[in-house]
Amino acid sequence: MSEPTGVWSYVRGFENMSLCDWPGRTSCIIFLGGCNLRCPTCHNFQLAWDMQSLPVLDPLRVKAYLRDRAGWLDGVTISGGEPTTVPGVGELAFEIKKTGMPVKMDSNGMRPEVVAELLEEKLVDTFAVDVKGPYAKYPALTGKAVSEIAARANMARIFAMAEAKPGAFYFRITQVPGLTQADIDVARSYLPPNHELKIQKYVPPRRTPEHAKPNHEERRPAGNLVD
Ligand code: SF4
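Residues numbered from 1 in each chain as written. Predicted model: local features only at pLDDT ≥ 70, side-chain atom pairs only at ≥ 80, totals over all residues. Heavy atoms only, no water.

**Student:** Hey, could you go over the sheet that holds strand β3 (residues 75-79) for me, with residue numbers and the actual values?
**Tutor:** The sheet built from seven strands is open, its strands ordered β1-β2-β3-β4-β5-β6-β7 with mixed pairing. In this open sheet, the two edge strands, each paired with only one partner strand, are β1 (11-18) and β7 (197-200). Strand-to-strand twist in this sheet, taken as the mean axis angle between neighbours without regard to direction, amounts to 20 degrees. Here strand β6 (residues 169-174) runs beside β7; their pairing, made up of four bridges, is parallel. (Pairing = 2+ DSSP bridges. Helix = DSSP H or I, 4+ residues; strand = E, 2+ residues; numbered from the N terminus. Axes fitted to C-alpha atoms, helices over the stretch in contact; angles between N-to-C directions.)

**Student:** Can you explain the confidence of the model for the protein chain? Please cite residues and give values.
**Tutor:** Should the pLDDT be low somewhere, the predicted coordinates at that spot are not to be read in detail. Averaged over the protein chain, the pLDDT score is 91; the fraction of residues at 70 or greater is 90%. Ignoring residues within four places in sequence, the model shows residues 211-218, a span with pLDDT below 50, making 36 contacts including any to other chains. (pLDDT = per-residue confidence, 0-100. Contact = heavy atoms within 4.5 Å.)

**Student:** So what about helix α3 (residues 89-97)? Which residues, and what values?
**Tutor:** Among the residues of α3, those classed as buried are Val 89, Gly 90, Leu 92, Ala 93 and Ile 96. All buried residues of α3 project into a common sector of 155 degrees when viewed along the axis, lining one side. Turning to α3, the residues buried within the fold contact β2 (27-32), α2 (59-69), β3, β4 (103-107) and α4 (112-120). (Buried < 20%, exposed > 50% of the residue type's maximum accessible area, 1.4 Å probe, protein only. Arc of directions from axis to C-beta.)

**Student:** Account for α2, with residues named and values stated.
**Tutor:** Within the span of α2, buried status applies to Pro 59, Val 62, Tyr 65 and Leu 66. Viewed end-on, α2 has its buried residues packed into an arc of 130 degrees, placing them on one side of the element. Facing away from the buried side of α2, by more than 90 degrees, are the exposed residues Leu 60, Arg 67 and Asp 68.

**Student:** I'd like a description of unusual backbone geometry, backed by residues and values.
**Tutor:** Of the consecutive residues Gly 80 and Gly 81, the connecting peptide bond is found in the cis state with omega at 10 degrees. Relative to the assigned elements, Gly 81 resides in the loop between β3 and α3. You will see that Lys 144, though not glycine, has its phi angle at about 65 degrees, which is positive. Here Lys 144 shows up in the loop between α5 (138-141) and α6 (148-164).

**Student:** Quick rundown of the environment of Ser 107? Include the residues and the values.
**Tutor:** Here Ser 107 is to be found in strand β4. For Ser 107, a relative accessible area of 2% translates into the label buried. C-alpha of Ser 107 to C-alpha of Asn 154: the two residues are 47 residues apart in sequence and 12 Å apart in space. A polar contact of 2.9 Å, which involves the side chain of Ser 107, links it to the side chain of Glu 82. (Polar contact = N/O pair within 3.5 Å; in protein donor to acceptor, adjacent residues only side chain to side chain.)

**Student:** Outline the pattern of salt bridges, supporting the account with residue identities and numerical values.
**Tutor:** For the structure on display, the rule yields 10 salt bridges. In this structure, the salt-bridge partner of Asp 21 is Lys 104, at a minimum N-O distance of 3.1 Å. Residue Asp 21 is located in the loop between β1 and β2, and its partner Lys 104 is located in strand β4; the two are separated by 83 residues in the primary sequence. Residue Asp 21 is classed as buried on the basis of its relative accessible area, which comes to 7%. Lys 137 is paired through a salt bridge with Asp 183; the nearest N and O atoms lie 2.6 Å apart. On the criterion of sequence distance, the pair formed by Lys 137 in the loop between β5 (126-130) and α5 and Asp 183 in helix α7 (residues 181-189) is long-range, its members being 46 residues apart. Given the relative accessible area of 31%, Lys 137 is considered partly exposed. (Salt bridge = Lys/Arg side-chain N within 4 Å of Asp/Glu carboxyl O.)

**Student:** Explain the pairing of β5 residue by residue, including any values.
**Tutor:** The element β5 is largely enclosed, with a buried count of five among its five residues. Residues of β5 alternate between two faces, with Thr 126, Ala 128 and Asp 130 on one and Phe 127 and Val 129 on the opposite face, all of them buried. Here β4 pairs with β5 via four bridges, running parallel. Counterpart to Lys 104 in the pairing with β5 is Thr 126. Each parallel crossover has a hand, and the one from β4 via α4 to β5 is right-handed. When β5 meets β6, the two strands line up parallel, connected through four bridges. (Right-handed = clockwise from strand over helix to strand, strands pointing away.)

What follows is the structure, given as structure tokens:
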């Protein structure tokens, strides 16, 4: 395999099939490396902050899998890390859309301009956005990567898009250590009408990064399972 370039150089994990990632659908998951946050409870810290330590996948094998399974998969999830930080992520979504399958993208919501563009260009059908907690807790929850003001502004843009485009967004929160029921209620109050906040159980990672403590929800890339 020649060294992948562009967006394909960020593809560092693949899950052939998931019955629970996209509610009501059978989907596969593509994991992209890199993230703009530093959540101390990150479950995917290796993928998020040190993707070079993970092997890159062969784009031809991924494309062949998508093409061959398009008939029986109900969709493809692009996850991370944080996919909206990856240059050319729209090209990856376009490749997937060519197979006829719908695309879901996981996001922390901190790059609403990218979300807006992907929606506008109809490259992503559904966004699953994590609400970390009350805005005042974003600095602590994101390793000081996001201020309270920035969190409020970014999520307000996401919520406005969700209100304008019913069915294109759903929202999740992970009950990480230190997040109380009152915090979750505050986070829920931010959501636009007719949207629910799905509570995800915190799953500690198997090992802890040197500079952070254990955490949370996001699935670990299940290895390079393309066959
Ligand atoms: S928890 Fe999600 S948003 Fe936070 S650092 Fe990890 S991958 Fe990024």
